[in-house]
Structures are given as structure tokens and as C-alpha cells.
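Tertiary structure, described
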Amino acid sequence: MSATPQHQAKVSEREARQVAEAAREQDWRKPSFAKELFLGRFRVDLIHPHPLPADEDARRGEEFLAKLRDFCETEIDSARIEREARIPDETINGLKELGAFGMKIDTKYGGLGLTQVYYNKSLALVGSASPAIGALLSAHQSIGVPQPLKLFGTQEQKDTFLPRCARTDISAFLLTEPDVGSDPARLATTAVPDGDAYVLDGVKLWTTNGVVADLLVVMARVPKSEGHKGGITAFVVEADSPGVTVENRNAFMGLRGLENGVTRFHQVRVPAAHRIGPEGAGLKIALTTLNTGRLSLPAMCVGAGKWCLKIAREWSAAREQWGKPVAFHEAVGAKISFIAATTFALEAVLDLSSQMADEDRNDIRIEAALAKLYGSEMACLMADELVQIRGGRGFETADSLAARGERAVPAEQILRDLRINRIFEGSTEIMHLLIAREAVDAHLSVAGDLIDPEKSLSDKAKAGAKAGGFYARWLPKLVAGPGQLPRSYAEFHPEGHRDLSGHLRYVERSARKLARSTFYAMSRWQGRMETKQGFLGRIVDIGAELFAMSAACVRAELLRTTEDYGREAYQLADVFCRQARIRVDELFDRLWTNTDELDRKVVEGVLGGTYTWLEQGVVDPSGEGPWIADATPGPSKLENLHRPVR
């Protein structure tokens, strides 16, 4: 059977790129630390001294954290959620009463009005108690109805929906379809204008919160017609509207309490007043929402890292091998050091990005994307190391451990729960491409026409003159910088503390090297640059490490001046930077020494059937059925599994 449903329109690669490009925020009206970093300019002044929340914001945030901690310790039964694969209604209602569904909603609409910093601290806390609850709250507020309305909604929409979202209603975000993931140009769900309404038809997949949601943000394609610009458009849809059917509650390897489903729309009438923004602005709304919404995932990754460190510390001190605690065996100790140093750096990245989002002085679209990418990858590594430290007990379930009289430590569960973060809200591979596009924006703005095969010779000539002026000014600045001066960043080497100034000099030198490498690659591959996804991924990963090193050093200096454990913070920052430098050096080597071309030839052979002999000797336990379920519009033939929580 064909993997492509018959109703799905074919879209060329160029058309898909054009849709994605049109949805991008085109201008840079505010400074960006990460953008400058990729251009070879280490602007430490944009992040140091470390920004801090206002006293009143901190007071209100800490008060809520105390209430939330008490709720997590007394009202959340994580083992029950895992066992029953469902968050109990009474737990959800308790969170509503606490105000947890309105953490990011302004107080004038009945919300708590927390800053991004304290919203993320709250997600880290509740996510440590139950990652499924963290996902529930995050999907509701980070990408669900509240955030798009906050940024793009009319006053009437805010007055109508935000009070509901703050206290009683759960929301969900519906973009993905059975055959549409990170390529929205092929979106099949339609919204056809009909008088003062739109009529929705289509199927949405992986609708987190969709099973229990009261309100939905739905992305659908409006056909172009007289009086209608058309294009992908965002709508607020009442989940109990006639024609809305939750056809399946999906089950996953982790996050077993997640209320994630398949939602079908058949002739669903949505008032035009419920359209968010103009027609055709849906993807731009989604991407802008994610600029800060992506910070919710690294928040829960930070919480996971803290928990991994606690368990690793307690277990490695109690468990003895060959006459001493396993922590003091170097093979185990290296893993503990990695978990501790990386958790420190992840929290530094998260807090810095969150505070910059609150201050709104900087454009943080790249920082938030880097935080999501780096946090999701490193958290998985930390959880995997914890399972290894625990040995057989790490592979054993918490219930099984308890049944035989040992502490019920859900190490294998955290590994399963964290795995989705490398896919949620932009997979690692897509994040590499998204960040790379933003990182080379300055180059494309001056030289893009030079490498565009469809541009005329006159356009290329104009672009050549423009690019010549830009590179004549930019390239000489990549030759030398403060990173080569032994006393640069001396404030990061206070008396009696580890020396972090050398790490910042390394970041400065590496940023210039990164920019030179990017320029060389663009000169070498020109229009084929976008196909070099392995190279672009390594460029982005280097930038992520350099950002994390910068954040770790700046946070350590902040803690030195504000907390009693400043010396220890400097030690963790130093160790993290030393570990990161090894990774960065390896990534730089792999920019030019790799198997990318050989891999491509092997892939051609695999898909061409050259290696089918290698698959012999096994059986395939997979069930029968198409690779992608048919999503042809029409009435639902299944029971509606929608289950609002009251």
C-alpha cells in the first residue's frame, strides 16, 4: 500500500522551503547573543552581568513554588500515574485550584502572571514529580491557547478564553497530521470560509492534551478565494463542537499519563471571530509562540538532571564494590561528574534564556532553540548514565524493586520519559536545520542571490557587490580578538576561585573559528549548502556548546556574588567547560573529517536493495498495515474518546 494518502497534495522541495521561509521572523530588531556568536562575535556584554528578576516577581514566584512543592509531595502519586497510564482527575482538578494552569496568564484574566523564569522553575519541579504532568501543563500554556492569544489574539478573544484557560479549561495545539510533520507546506486540514464562519475538515495526529482538552488551537489551510488571502491559519476551536471526534488515545514508550490522541474534524463550524490573526499567518504564529514556548522542555530536562544527580549521589555512596563506595571508582565517578557539571550548565542556559525572555531586550529565538536542542540531548545522556550507574537496578522497574523490598527508584522510567524530548516541538534534526538557517541569516541576506540558481545575472551582480562590501568589513575581524590576550575576561578569575577566564577566551576564539568555517563552507558548496545537513548539524552543536559554556561561566560569577556556594559553582563551571571543550574540539575535527559522502552512498544502496542480504536470518514481529494511516476527510466511524476533566 502507498505510504502517501491519496488526498495528500504533492509539494515540491522548493515550495516547501518557500512556505517555511515565509513563516520565519525576517527581521532582527533586537540584539541576539547567539546570533552574534555564530557570526564570530563573542558579545559577553549581552549576558553579563547576569540579568535578575525583579524583587516582586521573585517574591510571587517563590511563594507559588512553595505551594507547588507541597502539592507535588502530598498530592501527586507518580507511581500510580505510571501504573494506570493516566493522571487522576482529582490531581488535575487540584492543579487547577492551585492556579497551575494559569501560571503564564496575566492576573487580570485570573492567572498567576509568573515570569518565564518562575514558570520554568515550576515546570522543572512538577516535572520531577511526574513528567506526564509537566507535559500536560506545558502543552496547555507553552503552545496551547494561552500563548498564541497573548501574542496575537484580539482583546475580545483574550477576554473570552484566557479566564477559562487560567482556571477551568485545558487546551491543546494541533498542527501535526498523519503524513505531515515538520513540513507544513503539505498540510491537508482545510478551513473553508462559509459566511461568518469557517468549516474545518481533516485529521490531526499526536494531539498532546487532545483527549481531555476543552479548547484547541488548530492549524488549517484556508483556500484562496475572492476576499480571502488563504494560507495556513490558526483557529481556536471548542473541543466539544459537533464534528470533533477523538478517535484514539495514543500510547507511548514513556510519558504514560499523556493524554495524546488522534482528532478528526468533519464539517466543524468555527466562528470567524475565533480565527487568531489574519489568514495565512498560522505558521508565523506557531513559530513565534515556540520562540519562548520551547523553553518548557529544557526546564523539565533541568529537573530530570537534578533528580539524576540526587539518585546517583545517594546510590553511589551506599553501594560498595571492592571495599569502597562505587562513586570512588573512576569509571563511575566520571559519570557522576558529567551529570553534576551538565546539570549546572543546563540550569545556567535555562535561567539565562528565561530571564532574557522576561526582559525582552534581546531576540532569543536562537537561544531558546539551542536550549531545547542541548537540553533534550544532554538530559537523555544523563538519564542513560544514571541507569548504567544503577546497573541491573537501573533496568528494573520501580514497582519490581519495591516488590522485593528495595527503594522504588524509577530510573528506567525517566530514561523512557525523556526520550521524547529529542522529538517534541522540533526533532534534533529539524532543530539543527532551523538554528542553522538563523545562524547564516546574515550571509543569506547579503549573498543569498549569489547562490540562488533561479536568480538572473543582473541580480547576481548586485548581490556580488553587496556581499563584497559586507565581507570586506567582516572577514578581517575573524583573524584576531580578545581570546588571544592572556588577561581578557579577568573578572572571571577572582582570587581563591577556579579560573574561568581561560574558558571564555576559548569561546571567543572558537566563535571566530566557527564563523570562518561557516564562510568557507558557503564558499565551497554555495547553493548545495542546505543539503550538507551533517556539516550544519555540527556547526549548530558547536554553537550550543559555546553558548552553554558562556552561560555556565556567567552563572558561576553571579552565584559567587550572591550565594554561599560560589566557590563550588566556579568548580562545576570549570569542569563543565573542560568537558565541553573536548566535545567542541572533536566537532571541529569532524567538520571536515567525516563519512558524510560514504554514508550517502550506503543509503542509496540500502534503499536500492543492495544490502537486503544483510537482513536475512531474522523475522519481523511488526503487525500488518500501512506505514501511514489514511486521513481522508469525512465523518468519523469511531467512538469519541474525548474525556473532559471536571
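Quick note: structure is the one above.
Right, let's walk through the structure included here. Note on numbering: residues in each chain are counted from 1, in written sequence order. Where local features are concerned, this predicted model is filtered to residues with pLDDT of at least 70; where side-chain atom pairs are given and counted, the filter is 80 or more; whole-chain, interface and lining totals use all residues. For side-chain calculations, the full set of non-hydrogen atoms in the structure is used, while hydrogens and water are omitted.

Here's the deal with the pattern of salt bridges
Salt bridge, as used here: a side-chain nitrogen of Lys or Arg that lies within 4 Å of a carboxyl oxygen of Asp or Glu. All told, the structure shown has 47 salt bridges when counted by the stated rule. In this structure, E177 and K204 form a salt bridge, with 3.0 Å as the shortest nitrogen-oxygen distance. Note that E177 is positioned in the loop between β1 (171–174) and β2 (190–194) and K204 in strand β3 (residues 197–208), a separation of 27 residues in sequence. Both residues of the pair, E177 and K204, belong to the buried class. Of the charged contacts in the structure, one is a salt bridge between R578 and D574, with a shortest N-O distance of 3.1 Å. On the criterion of helical spacing, the pair formed by R578 and D574 is a turn pair, its members being four residues apart in helix α22 (residues 566–592). When accessible area is computed with a 1.4 Å probe and restricted to protein chains, residues below 20% of their type maximum are described as buried, those above 50% as exposed, and intermediate ones as partly exposed. Judged by its relative accessible area of 3%, D574 falls in the buried class. Each of the salt bridges in this network shares a partner with another, and the network as a whole consists of E56, D57, R59, R60 and E63. Numbering of helices and strands runs from the N terminus; a helix is a DSSP stretch of H or I covering at least four residues, while a strand is a stretch of E covering at least two.

Comments concerning helix α16 (residues 411–419)
For α16, the buried fraction is high: seven of the nine residues fall into the buried class. Burial in α16 covers these residues: A411, E412, Q413, I414, R416, D417 and L418. Contacts are residue-level and defined by heavy atoms, with any inter-residue pair within 4.5 Å sufficient. The inward-facing, buried residues of α16 contact α4 (78–84), α7 (131–143), α11 (296–318), α13 (365–390) and α14 (392–395).

Observations regarding the nonpolar core
By size, the foremost hydrophobic cluster in this structure holds 134 residues, and its most contacted members are L370, L546 and F576. Top contributing element to this core by residue count: helix α21 (residues 533–562), with 16 residues. The residues contacting L370, other than those within four sequence positions of it, are A34, F38, G375, I435, V540, G543, A544 and F547. One finds Y109, L149, A166 and L187 within the second-largest nonpolar core, a separate group that totals 25 residues. As used here, the term nonpolar core means buried Ala, Val, Leu, Ile, Met, Phe, Trp, Tyr and Cys residues forming a set that is joined through side-chain atoms within 4.5 Å.

Comments concerning the packing of aromatic side chains
For Phe, Tyr and Trp, rings pair up if their centres lie within 6.5 Å, where Trp contributes its six-membered ring, and each pair is then called stacked (planes under 30 degrees apart), edge-to-face (over 60) or tilted (otherwise). For the coordinates displayed, the defined rule picks out 13 aromatic pairs. An angle of 20° between the planes, with centres 5.9 Å apart, marks the rings of F470 and W474 as stacked. Taken as a pair, F470 and W474 lie in helix α19 (residues 457–474) at a separation of four residues, close to a single helical turn. Each of the two residues, F470 as well as W474, counts as buried. On the basis of an interplanar angle of 80° and a centroid distance of 5.2 Å, the ring pair of W525 and F535 is categorised as edge-to-face. Pair noted here: W525 is in helix α20 (residues 501–525) and F535 is in helix α21, with a separation of 10 residues, a long-range link. With a relative accessible area of 12%, W525 lands in the buried category. When its relative accessible area of 2% is taken as the criterion, F535 is described as buried. Criterion for a charge above a ring: Lys NZ or Arg CZ within 6 Å of the ring centre, and within 35 degrees of the ring normal. Sitting over the face of the ring of W315, R390 holds its NZ or CZ atom 4.7 Å from the ring centroid. Note that K513 overlies the ring of F588, its terminal NZ or CZ placed 4.3 Å from the centroid.

Things to note about the side chain of S142
Summarising the element assignment, S142 is placed in helix α7. Residue classification places S142 among the buried positions, given a relative accessible area of 1%. Throughout this description, a polar contact denotes any pair of N or O atoms lying within 3.5 Å of each other; where both atoms belong to protein, one of them has to be capable of donating a hydrogen while the other can accept it, and for residues adjacent in sequence the pair is counted only when both atoms sit in side chains. Separated by 2.6 Å, the side chains of S142 and Y119 make a polar contact. Beyond its immediate sequence surroundings of up to four residues, S142 is in contact with Y119, Q147, T289, G293 and S296.

A look at the side chain of Q355
As for its placement among the helices and strands, Q355 is situated in helix α12 (residues 330–359). Q355 sits in the buried class, given a relative accessible area of 4%.

Some points on the packing of α11 against α16
Where α11 meets α16, the closest approach of the two axes is 12 Å, and the angle between their N-to-C directions is 160°. With respect to their mutual orientation, α11 and α16 come out roughly antiparallel. Here α11 and α16 pass one another in a crossing that is left-handed. The segment α11 lies against α16, with C301, A304 and W307 engaging A411, I414 and L418. Note on geometry: axes are lines fitted to C-alpha atoms, helical ones only across the stretch in contact, with angles between N-to-C directions running from 0 to 180 degrees. An angle below 35 degrees is treated as roughly parallel, one above 145 as roughly antiparallel, one from 65 to 115 as roughly perpendicular, and anything else as oblique. By definition, turning the near helix anticlockwise from the far helix through less than a right angle yields a left-handed crossing, and turning it clockwise yields a right-handed one.

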